[in-house]
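Descriptive structure summary
Residue strings, one per chain:
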Amino acid sequence: MSLSNKQKQHLKGLAHSLKPVVLLGANGLTEGVLAEIEQALDHHELIKVKVPEEDRELRKQIMATIVHETGASEVQIIGKTQVIYRPAEEPKIRLPRG
């Protein structure tokens, strides 16, 4: 699912006050972490994931993997925090038309 700029702006506004719900630990992106991200997306639709990896390229790869594995859309990246969105079965967030 691709988001229009208008939809991304709307989601960025909603995400502004959110705290990261998933924080990758020393073990990086594990099955357990992915399961937690899936669960958070099912429940919240719009979440922040903190990837405290120092290596910029590795951090980009981890974030790309999260988007690929969850089928979510990347809204934005701020430093080491990624904002992702995936509509639930019954969406709570109403997106503006693109």
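The present account deals with the structure reproduced in this document. (Residues numbered from 1 in each chain as written. Predicted model: local features only at pLDDT ≥ 70, side-chain atom pairs only at ≥ 80, totals over all residues. Heavy atoms only, no water.)

Here the focus is the overall build of the chain. Counting its secondary structure elements, the chain contains 3 helices and 4 strands. The linear arrangement of helices and strands in the chain, starting from the amino end, is α-β-α-β-α-β-β. Expected size for 98 residues packed as a compact globule is a radius of gyration near 13 Å; at 13 Å, the chain falls within 12% of this value. If one aligns the C-alpha atoms of the chain with their principal axes, the spans along those axes are about 40 × 25 × 25 Å. Here the chain, with 98 residues, has 34% of them falling under the buried criterion. For the chain, the share of sequence-separated contacts (at least 6 apart) that also reach a separation of at least 24 residues comes to 67%. Carbon and sulfur atoms provide 48% of the accessible area of the chain, an area that totals close to 6300 Å². (Helix = DSSP H or I, 4+ residues; strand = E, 2+ residues; numbered from the N terminus. Rg over C-alpha atoms; globule rule 2.2 N^0.38 Å. Buried < 20%, exposed > 50% of the residue type's maximum accessible area, 1.4 Å probe, protein only. Contact = heavy atoms within 4.5 Å. Areas by Shrake-Rupley, 256 points an atom, 1.4 Å probe, with all protein chains shown as cover.)

Tracing the backbone through its elements, the reader meets Thr81 in strand S4 (residues 81-85). Excluding anything up to four places from it in sequence, Thr81 contacts Pro20, Lys48, Val49, Lys50, Met63 and Gln76.

Another point: the environment of Gly71. Residue position: Gly71 is located in the loop between helix H3 (56-70) and strand S3 (73-78). Considered as a pair, Gly71 and Asn5 are 66 residues apart in the sequence and their alpha carbons are 19 Å apart.

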